[in-house]
Structures are given as structure tokens and as C-alpha cells.
Amino acid sequence: MFKDEILERIFTHPEMQKIPIGCQSTAVHVFQEVIEEVNKEGIYGTISELLSE
């Protein structure tokens, strides 16, 4: 789901480098699944709206 340029930014982030690669892949996979679920539920909005408390 994520474009290659987004995946590259995620995996090269300094904080991501601190955890094992298997955990990195699991984390990204979970985020992709959650975003897909939100999309199917019809919860649309800007990134700012989706991330605000």
C-alpha cells in the first residue's frame, strides 16, 4: 500500500534503525492494515484530522 518513497523514509528514519528489521517490517505491516481498515470504514479526512486527538 505504501509507495516506495514512503517506505524508504520509514525504514531510514533514525528511530526505526534502533529496532530489529523483523520488528520494523511488522510495524509497517500493522500500519498498512490499520490504514486500509480506516479507508474501508469510510473514515476520510486529511492526515492532520486523522492524527489529531
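Look above for the structure.
What to know about the overall build of the protein
Now for step 1: A count of helical and extended segments in the protein gives three helices and zero strands.
Now for step 2: Each helix and strand of the protein, ordered N terminal to C terminal, gives the series α-α-α.
Now for step 3: The globule rule puts the C-alpha radius of gyration for 53 residues at 10 Å, and the 13 Å found for the protein is more than 25% above it.
Now for step 4: Along the first, second and third principal axes, the C-alpha atoms of the protein reach 35 × 20 × 20 Å.
Now for step 5: For the protein, the proportion of its 53 residues judged to be buried stands at 11%.

Describing the environment of I6
Now for step 1: For I6, the position within the fold is in helix α1 (residues 4-12).
Now for step 2: Placed 16 residues apart in sequence, I6 and G22 show a C-alpha to C-alpha distance of 18 Å.

The rules behind these values
- Residues numbered from 1 in each chain as written.
- Predicted model: local features only at pLDDT ≥ 70, side-chain atom pairs only at ≥ 80, totals over all residues.
- Heavy atoms only, no water.
- Helix = DSSP H or I, 4+ residues; strand = E, 2+ residues; numbered from the N terminus.
- Rg over C-alpha atoms; globule rule 2.2 N^0.38 Å.
- Buried < 20%, exposed > 50% of the residue type's maximum accessible area, 1.4 Å probe, protein only.

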